[in-house]
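Descriptive structure summary
Each chain is listed here by its residues.
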Amino acid sequence: AVEVYWFDDTAAKGNCRVPKSWKLLWRKGDKWEPIQAPSGFEVKRDAFTRVTFAPVPTMGLRIEVQLQDDMSGGILEWRVP
């Protein structure tokens with residue numbers, strides 16, 4: 001599982017929002033493979049988003065995001081329990 005807390009400064013009238021969508025990839029040799037997550041890749045504001053998946057033998061994980069139009073994005077915290 002991983003947990004992601006997305007940065008969003010809507011209340012401060014800033015230009016940073018949660019992403020439109022995101023996905024998680026795992027490193028397999030010298031390639032990045034998408035992780036299949038039965039729980040889906042939900043996007044939450046002001047809360048941790050938790051994604052569960054079958055274990056993968058890797059030394060690296062990567063997050064790829066699709067940002068909101070004309071907005072920036074960020075991660076406040078990313079947990080890999």
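Parameters at a glance
As a convention, each chain's residues are numbered from 1 in the sequence order in which they are written. Given that the model is predicted, a residue must reach a pLDDT of at least 70 before its local features are reported, and side-chain atom pairs must reach 80 or more before they are shown or counted; all residues, however, enter totals for whole chains, interfaces and linings. Side-chain numbers here rest on the full set of heavy atoms in the structure, without hydrogens or water. Only the six-membered ring of Trp is used, alongside the rings of Phe and Tyr, when aromatic pairs are assigned; centres must lie within 6.5 Å, and planes under 30 degrees apart are stacked while those over 60 apart are edge-to-face, with the rest tilted. Here a helix means four or more residues in a row that DSSP labels H or I, a strand means two or more in a row labelled E, and each is numbered from the N terminus. We call a residue buried when its accessible area falls under 20% of the maximum for its residue type, exposed when it is over 50%, and partly exposed in between, using a 1.4 Å probe and counting protein chains only. The criterion is that NZ of a Lys, or CZ of an Arg, lies within 6 Å of the ring centre and within 35 degrees of the ring normal, and then a charge sits over that ring. We call two residues in contact when some of their heavy atoms are within 4.5 Å.

**Some words on the packing of aromatic side chains**
Given two aromatic rings, their pairing is described by the distance between the two centres and the angle made by the two planes. Overall, the coordinates contain three aromatic pairs when judged by the stated rule. For the pair Tyr5 and Phe48, a centre-to-centre distance of 5.1 Å together with 80° between the ring planes defines the contact as edge-to-face. With Tyr5 in strand 1 (residues 2-7) and Phe48 in strand 4 (residues 48-51), this residue pair connects regions lying 43 residues apart in the sequence. Since its relative accessible area comes to 21%, Tyr5 is described here as partly exposed. A relative accessible area of 24% places Phe48 in the partly exposed class. Here the aromatic residues Trp6, Trp22 and Phe41 are joined through ring pairs into a cluster of three or more. Of note, Arg79 hangs over the ring of Phe48, and the distance from its end group to the ring centre comes to 3.7 Å.

**A word on the side chain of Asp9**
Within the secondary structure, Asp9 sits in the loop between strand 1 and strand 2 (21-28). For Asp9, a relative accessible area of 19% translates into the label buried. Those residues in contact with Asp9, other than ones at most four positions away along the chain, are Gly14, Asn15, Cys16 and Arg17.

Interpretation in functional terms is not warranted from these geometric data alone.
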